[in-house]
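Chains, contacts and geometry: an overview
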Amino acid sequence: MIVFNYGGGRQTTAMCILIAKGILPKPGVVVMADTGRENDSTWDYMEAYTRPLLKTLGLEIEIANRELATVDLYGGNGDLLLPVFTQTGKLPGFCSNEWKRRVVDRHLRATGRTDGTRWLGLAFDEKRRWIDKHNVTEGKWKCVCPLVDLMLNTDACLTIIENYGWPLPITSSCWMCPHKRNAQWRHLRDNYPEQWQQAIELDEEIRENDEQGGVFLHHSRVPLGEADISKDESASVERRCSLGMCFV
Ligand code: SF4
């Protein structure tokens, strides 16, 4: 069985179109983890475009429920799970593993899917993200990145979506994700002001809970509400989680 980890972003949107065109085989399961904090733009796009398309193929996007996560912002040892910025660096993020990977694993087990191939939506140009995942077997699952096999990079995904007549989806992530670039923060602020406000409040909350008070969602290491998000960073700045289940 093929399990397609749908992420709601550009790569997995292009994969939906490739399935509809018969370029990729029809998977047995399409599943997306609900972190409880996903950008509304991701759900809006899914409902408007990808879910209806997959439905015409007899495929339903299954949502792995957030209640399957056993931890929220802090792990069992009390450590913050988000990849936040500190005064001297950046913490490793464990949220993707706890809120997505493990949640999807539990959803699959609970629904009797215990082996097969799992698709991740990493593009050919994201080699640093797929090099240790593509064609790797873990237990009874083999992980495959179909866009890598097809040698399709992120720009090619955008072209596939545009040629299909769809608008480009906003990069998928949680609304408070520290990996966000300034353009993504601006989009949140300008289009989803409630989630922007929630992100500002969460940014304050994690600092209050931090003994040194030195953790930040924004890479400039100032409170999010005060951060200068007006300018785009250099294209070479790369801040994405390594699991391949976010920003896809
Ligand atoms: S999008 Fe960001 S905050 Fe959300 S699970 Fe992924 S790395 Fe964590």
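Attention here is on the structure that accompanies the text. On a predicted model such as this, the values are computed, not experimentally measured, just so you know.

Remarks on the site of the ligand
- Taken together, Leu82, Cys95, Ser96, Trp99, Ser173, Cys174, Cys177, His179 and Cys246 make up all the residues around the ligand.
- Residue composition of the shell around the ligand, by class: 6 nonpolar, 3 polar and no charged.

Let's talk about unusual backbone geometry
- In this structure, Arg221 takes a positive phi of about 60 degrees despite not being glycine.
- Here Arg221 is to be found in the segment after β8 (215–216).
- By relative accessible area, which is 26% here, Arg221 ends up partly exposed.
- Its identity is not glycine, yet Phe247 carries a phi of approximately 55 degrees, on the positive side.
- Accessibility expressed as a relative area gives 2% for Phe247, which makes it buried.

Concerning the packing of aromatic side chains
- Under the definition given, this model contains 8 aromatic pairs.
- Ring centres of Phe4 and Tyr6 lie 6.3 Å apart, and the angle between their planes is 85 degrees; on these two criteria the pair is classed as edge-to-face. Pair check on accessibility: Phe4 and Tyr6 agree, each one buried.
- Considering the side-chain rings of Tyr164 and Trp166, the 5.2 Å spacing of their centres and the 85 degrees angle between planes classify their relative orientation as edge-to-face.

Observations concerning the sheet that holds strand β6 (residues 136–138)
- If you walk across this open sheet you meet the 6 strands as β3-β2-β1-β5-β7-β6, and the pairing is mixed. The two strands at the open ends of the sheet, each matched to only one other strand, are β3 (61–64) and β6. Each strand axis lies, on average, 30 degrees off the axis of its neighbour in the sheet, ignoring direction.
- Sheet strands in contact with helix α2 (residues 40–56) are β2 (29–33) and β3, and its direction is about 140 degrees off that of β3.
- Of the strands in this sheet, β1 (2–5), β2, β3, β5 (116–119), β6 and β7 (141–144) are in contact with helix α3 (residues 95–110), which crosses β2 at around 140 degrees.

What counts, and at which threshold
Residues numbered from 1 in each chain as written. Predicted model: local features only at pLDDT ≥ 70, side-chain atom pairs only at ≥ 80, totals over all residues. Heavy atoms only, no water. Near = heavy atom within 4 Å. Nonpolar A, V, L, I, M, F, W, Y, C, P; charged D, E, K, R; others polar. Helix = DSSP H or I, 4+ residues; strand = E, 2+ residues; numbered from the N terminus. Buried < 20%, exposed > 50% of the residue type's maximum accessible area, 1.4 Å probe, protein only. Phe/Tyr/Trp six-rings, centres within 6.5 Å; stacked < 30°, edge-to-face > 60°. Pairing = 2+ DSSP bridges. Axes fitted to C-alpha atoms, helices over the stretch in contact; angles between N-to-C directions. Contact = heavy atoms within 4.5 Å.

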